[in-house]
Amino acid sequence: MLRCPQCGSTDLYTMIGGYGGFRYRCKQCGYIGSFVLESDEELPSPVTRPKESEEKKIAVPLWLKIVVALLVLYMLLYLLILIP
Ligand SMILES: [Zn+2]
């Protein structure tokens, strides 16, 4: 059974085209391409990667926070020494 890689629908039909190959067209989302998923069993629809946004939220690593904290502390100490 062929599946659409975009929406997971099995409602595909074959087109002939491209460079000597088959192309598939999805009736559900309009996807056209030579790459389709092939599966015998029922699979859940491909999920639109939620990981990417989560990774961006925790993009600031711990060591960077420590470095920034140390830098601020160093600047404060430097100012305290300079002021008197
Ligand atoms: Zn589709």
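Reading guide: rules and limits
Numbers given to residues run from 1 along each chain, matching the order in which its sequence is written. Owing to the predicted nature of the model, reporting of local features is limited to residues with pLDDT of at least 70; listing and counting of side-chain atom pairs is limited to 80 or more, with chain, interface and lining totals taken over all residues. Secondary structure elements are defined from DSSP: runs of H or I of at least 4 residues count as helices, runs of E of at least 2 residues count as strands, and each element is numbered from the N terminus. Put simply, a residue is buried when 20 or more other C-beta atoms lie within 10 Å of its own C-beta and exposed when 12 or fewer do; between those, it is partly exposed, and each C-beta is set from the backbone. A helix is expected to span 1.5 Å multiplied by its residue count minus one. UniProt positions are given in the numbering used here, feature names are shortened, and annotations may be inferred rather than shown by experiment. By definition, residue pairs are in contact when their C-beta atoms, positioned from the backbone, come within 7 Å. What makes two strands pair is DSSP finding at least two bridges between them. As a per-residue quantity, pLDDT reports the predictor's confidence and falls between 0 and 100.

Under an unreviewed UniProt entry, the protein chain has the name Transcription factor IIB and belongs to Methanofollis fontis.

J.: Any chance you could explain the overall build of the protein chain here in plain terms?
T.: Across its full length, the protein chain carries two helices and five strands. Along the protein chain, helices and strands appear, N-terminal first, in the series β-β-β-β-β-α-α. For the protein chain, with 84 residues in total, the buried portion stands at 5%.

J.: Even after reading the chapter, I still don't get helix α2 (residues 62-82), so can you show me in this structure?
T.: An α-helical turn contains 3.6 residues, so any two residues separated by three or four positions project in the same direction. Taking 1.5 Å per residue as the helical rise, α2 with its 21 residues ought to reach 30 Å, and the 30 Å between its terminal C-alpha atoms agrees with that figure. Of all 21 residues that make up α2, zero are buried, and the element is exposed over most of its length.

J.: Explain the UniProt feature "transmembrane region" (unreviewed entry) in the protein chain to me, please; I cannot follow it from the model alone.
T.: Per the UniProt record, "transmembrane region" (unreviewed entry) is found at residues 62-83. Between the first and last C-alpha atoms of residues 62-83 the distance is 32 Å; the span itself is 95% helix and 0% strand.

J.: So what exactly am I meant to see when it comes to the environment of Gly 21 here?
T.: With respect to the helices and strands, the residue Gly 21 is situated in strand β3 (residues 21-26). Between the C-alpha atoms of Gly 21 and Ser 34, which are 13 residues apart in sequence, the distance is 7.5 Å.

J.: I keep staring at the environment of Asp 11 and nothing clicks. Help me out?
T.: Residue placement: Asp 11 occurs in the loop between β1 (2-3) and β2 (12-17). Taking the number of C-beta atoms within 10 Å as the measure of exposure, Asp 11 has 13 and is therefore partly exposed. Counting along the chain gives 18 residues from Asp 11 to Cys 29, while the straight-line C-alpha distance between them is 9.7 Å. Residues within four places of Asp 11 in sequence aside, it is in contact with Cys 26, Lys 27 and Gln 28.

J.: In this structure, what is going on with the pairing of β3? I would like to understand it.
T.: Looking along a regular strand, one sees the side chains alternate between the two faces of the sheet. Relative to strand β4 (residues 32-33), β3 is paired through two bridges, and the arrangement is antiparallel. Looking at the pairing, Tyr 24 lines up with Gly 33 of β4. What sits between β3 and β4 in their antiparallel hairpin is a turn of five residues, with Gly 30 showing a positive phi close to 85°.

J.: Looking at this structure, I do not really get the confidence of the model for the protein chain. What am I missing?
T.: Do not read the predicted coordinates in detail wherever pLDDT is low. Per-residue pLDDT for the protein chain averages 81, and the proportion of residues at 70 or more is 73%. Mean pLDDT across the elements of the protein chain ranges from a minimum in helix α1 (residues 51-57), with 60, to a maximum in α2, with 92.

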